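Inside the fold
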Amino acid sequence: MKKLNRIKGALADARRTNLWLAEQERRNPETISKWCTNTSQPGLNTLFKIVNFLHLNPGKLLVKGE
């Protein structure tokens, strides 16, 4: 499976957990897990919310395409 986001790495860098993000996003923890394993992808609006929660540059959550 192609890696499209680095949410898992960004959470680790911020010393936050999937559960923390699930609470911030008011989402099911299984959904966050799917995002972290790149099984599914969040929408663009959600990515920008995650950027704000983690105080990141948007480019830090995306993996550069080949």
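Conventions we followed
Residues numbered from 1 in each chain as written. Predicted model: local features only at pLDDT ≥ 70, side-chain atom pairs only at ≥ 80, totals over all residues. Heavy atoms only, no water. Helix = DSSP H or I, 4+ residues; strand = E, 2+ residues; numbered from the N terminus. Rg over C-alpha atoms; globule rule 2.2 N^0.38 Å. Buried < 20%, exposed > 50% of the residue type's maximum accessible area, 1.4 Å probe, protein only. Contact = heavy atoms within 4.5 Å. Areas by Shrake-Rupley, 256 points an atom, 1.4 Å probe, with all protein chains shown as cover. Lys, Arg positive; Asp, Glu negative; His and termini not counted. Charge placed at Lys NZ, Arg CZ, Asp CG, Glu CD. Core = buried A, V, L, I, M, F, W, Y, C linked by side-chain atoms within 4.5 Å. Polar contact = N/O pair within 3.5 Å; in protein donor to acceptor, adjacent residues only side chain to side chain.

A word on the overall build of the protein chain. Broken down by element type, the protein chain carries four helices and zero strands. Against the globule reference of 11 Å for 66 residues, the protein chain gives a C-alpha radius of gyration of 11 Å, in line with a compact fold. Its C-alpha atoms give the protein chain principal-axis dimensions of roughly 35 × 25 × 20 Å. Across the 66 residues of the protein chain, 29% fall into the buried class. Contacts spanning at least 24 positions in sequence make up 59% of the contacts within the protein chain whose residues lie at least 6 apart. A total accessible area of about 4,700 Å² is found for the protein chain, and carbon and sulfur atoms account for 50% of it. Charged side chains in the protein chain number 12 positive and 5 negative. The centres of these two groups are separated by 4 Å.

With 14 residues, the main nonpolar core has Ile7, Leu11, Leu21, Ile32, Ile50, Leu54 and Leu61 as its most contacted residues. Looking at this core, the elements that each hand over two or more residues are helix H1 (7–13), helix H2 (18–25), helix H3 (29–36) and helix H4 (44–54). Ignoring anything within four residues of it in the chain, the contact list for Ile50 reads Ile7, Leu21, Trp35 and Leu61.

What follows concerns the side chain of Thr46. For Thr46, the position within the fold is in helix H4. Taking relative accessible area as the criterion, Thr46 reaches 8% and is therefore assigned buried. Within the structure, Thr46 has its side chain in polar contact with the side chain of Arg27 (distance 3.3 Å). What Thr46 contacts, discounting residues up to four positions off in sequence, is Glu25, Arg27 and Trp35.

Function-wise, these values are silent; they only describe arrangement.
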